[in-house]
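Take a look at the letters that make up each chain.
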Amino acid sequence: MSQAEATVAGAGRAPSPLWTFGILRSELTTTLRRWRTLALLGVLAAVPVLIGIAVRIETNRGSSPGPGGGGEGGPAFLSQITNNGLFLVFAALAVTLPVFLPMAVGVVAGDSVAGEANAGTLRYLLVAPAGRTRLLLTKYASVLAFCLVATLVVAVSALVVGSLLFPVGEVTTISGTRIGFGEGLLRAGLIAVVVAASLIGFAAIGLFVSTLTGSGIAAMAATVGLLITVQIMDGIPQLSGIHPYLFPHYWMSYADLLRAPVYWDEVVKNLGLQGLYAAVFGSAAWARFTAKDITA
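These notes cover the structure that comes with them. (Residues numbered from 1 in each chain as written. Predicted model: local features only at pLDDT ≥ 70, side-chain atom pairs only at ≥ 80, totals over all residues. Heavy atoms only, no water.)

### Points about the packing of helix α7 (residues 131–165) against helix α11 (residues 265–291)
This is how the line gets drawn: As a rule, the C-alpha atoms of each element are fitted with a line to give its axis, helices using only the stretch in contact, and angles between N-to-C directions run from 0 to 180 degrees. A run of H or I in DSSP becomes a helix once it reaches four residues, and a run of E becomes a strand once it reaches two; helices and strands are each numbered from the N terminus. Each angle is binned into one of four classes, with values under 35 degrees roughly parallel, values over 145 roughly antiparallel, values of 65 to 115 roughly perpendicular, and all other values oblique. Two helices cross in a left-handed way if the nearer one is turned anticlockwise from the farther one by less than a right angle. They cross in a right-handed way if the turn is clockwise. Working rule for contacts: check all heavy atoms of both residues, and any pair within 4.5 Å makes them a contact. Gly counts as polar in this scheme, as do all residues outside two lists: the nonpolar Ala, Val, Leu, Ile, Met, Phe, Trp, Tyr, Cys and Pro, and the charged Asp, Glu, Lys and Arg.
Where α7 meets α11, the closest approach of the two axes is 10 Å, and the angle between their N-to-C directions is 135 degrees. Our classification of the angle between α7 and α11 gives oblique. Crossing handedness for the pair α7 and α11: right-handed. The residues of α11 that touch α7, namely those facing Arg 132, Thr 133, Leu 135, Leu 136 and Tyr 140, are Ala 278, Ala 285, Trp 286, Phe 289, Thr 290 and Ala 291. Classifying every residue of the contact of α7 with α11 by side-chain character gives 8 nonpolar, 2 polar and 1 charged.

If you want it as C-alpha cells, here you go:
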C-alpha cells in the first residue's frame, strides 16, 4: 500500500500519536526507497572511497598529500590520513559538506511537497484528519532524518575505508595533544551529528521552496541554485559584512570539536544560526502550505 493509500484508509479517524508515527514511518520508508535517494547515498558513500584510494596511491608513490607534506594541498585533515585512518572521516566530511551533502538534502527537501503535488498524491494525503500542519511537520522530520542518514553514510564509509587502508590509533588533535582512539571515535560521531544539524536551516529553505511550486524538478533546481548562490556570496570578501548571517558560513566549525579542550563558540553560533533559519523558513513554509490551494 502506498503512502497516499494508507493515509486515505485512515481518514475519518481522530489523529493520534501512533497515527503520526505511522505516517512518519511511511514517509521515511518512501523517501529512502526511492532510486534517486539511493543514488545520492551511493555517491556520498563513494566520496570517502575515492579520497582514501587517492591518498593511498600518493603514499605508495612516496609523497605526502596535504599541507606541509610535499603535496599540492587539499581539504582539512587530508595530510593526517596516512598516520591515522580515522582522519578520513574528518576529511570526507570536509569535502562533502560544502557541496555534496547540501545538494543531496536540497534534492530531497525540494521534492518533499512539490513532488507529491506533481504526482497528484498531495490532495489524497490531506484527506487524513491530521491536517496540513502535521503533514508539513512530518515532511520536515523526514528531511531531517535524511540529513542524519546522509551524514552517517559518509562517516561510516570513511571509517571503514580508513581502517582498511591506513593504521588507526591515538588521535592528534588540532591543539597538538593526543587522545585515545575510543575518544577519537566518539568525537567523530559527535562531529557527524553536528554536521547533520548544520543542514537543518537549509532543509527548511528547501521545504519552503517546495511549497511554492507544483513541480518537483523546479523546486529541486531552485533549492540547489540558491545553495550555489549563497556559497558564492560567502566566498566574496567584499560581502564580509553579511557572511555571519549566511547559513553555510559556520558549517566548517565542526573542526573545533577536534581541539583539546573543545572550542564551542563557533559551533554554538552555527547551531543557533541554523535554528534561526529553520524557524523563519519553517514558518514561511507553514504559512504558504496552510493557505495553498491544493488542486493535485
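Further notes follow.
### Observations concerning the packing of aromatic side chains
To be explicit about the condition: Pairing of aromatic rings covers Phe, Tyr and the six-membered ring of Trp, with a centre-to-centre limit of 6.5 Å; geometry is then stacked below 30 degrees between planes, edge-to-face above 60, and tilted otherwise.
A full pass over the atoms with the stated rule returns 6 aromatic pairs. Look at Phe 87 and Phe 90: their rings are 5.4 Å apart centre to centre, the planes differ by 85 degrees, and that puts the pair in the edge-to-face class. One end of the pair is Phe 87 and the other is Phe 90, both in helix α4 (residues 87–96) and 3 residues apart, which spans about a single turn. Measuring from centroid to centroid gives 5.5 Å for Phe 202 and Phe 247, while their planes differ by 25 degrees, and the two rings are stacked.

### Things to note about helix α8 (residues 181–197)
Quick note on the threshold: Multiply 1.5 Å by the residue count of a helix minus one, and that product is the helix's expected span. Summary of the burial criterion: residues with accessible area below 20% of their type's maximum are buried, those above 50% are exposed, and those between are partly exposed, where the area comes from a 1.4 Å probe applied to protein chains only.
Over its 17 residues, α8 runs 24 Å from end to end, which matches the ideal 24 Å to within 8%, given 1.5 Å per residue. Residues Gly 184, Arg 187, Ala 188, Ile 191, Ala 192, Val 194, Val 195 and Ala 196 constitute the buried set of α8.

### With respect to the packing of helix α9 (residues 200–211) against α11
Across the interface, α9 lies against α11 with an axial gap of 7 Å and an inter-helix angle of 15 degrees. As far as their axial angle goes, α11 and α9 are roughly parallel. Crossing hand, α9 versus α11: left-handed. Here Ile 200, Gly 201, Phe 202, Ala 204, Ile 205, Leu 207, Phe 208 and Thr 211 of α9 come into contact with α11, specifically with Gln 274, Gly 275, Tyr 277, Ala 278, Phe 281, Gly 282, Ala 284, Ala 285, Arg 288 and Phe 289. Looking at the contact of α9 with α11, its residues break down into 12 nonpolar, 5 polar and 1 charged.

### Looking at the side chain of Thr 138
On the secondary structure map, Thr 138 appears in helix α7. For Thr 138, the residues in contact, after removing those within four places along its chain, are Ile 23, Leu 24 and Glu 27.

### Some details on the pattern of salt bridges
Pairing of side chains with opposite charge becomes possible as their charged atoms draw close. Stated precisely, the cut-off is as follows: By convention in these notes, a salt bridge is any Lys or Arg side-chain nitrogen within 4 Å of a carboxyl oxygen on Asp or Glu.
What the rule picks out here adds up to 5 salt bridges. The partner of Arg 36 in a salt bridge is Asp 111, with the nearest N and O atoms 2.7 Å apart. One end of the pair, Arg 36, is in helix α3 (residues 35–60); the other, Asp 111, is in helix α5 (residues 100–119), and 75 residues separate them in sequence. With a relative accessible area of 36%, Arg 36 lands in the partly exposed category. By relative accessible area, Asp 111 is classed as buried at 11%. The partner of Glu 266 in a salt bridge is Lys 269, and the shortest N-O contact between them spans 3.7 Å. With Glu 266 and Lys 269 both in helix α11, this residue pair falls 3 residues apart, about one helical turn. Given a relative accessible area of 24%, Glu 266 falls into the partly exposed group. Given the relative accessible area of 44%, Lys 269 is considered partly exposed.

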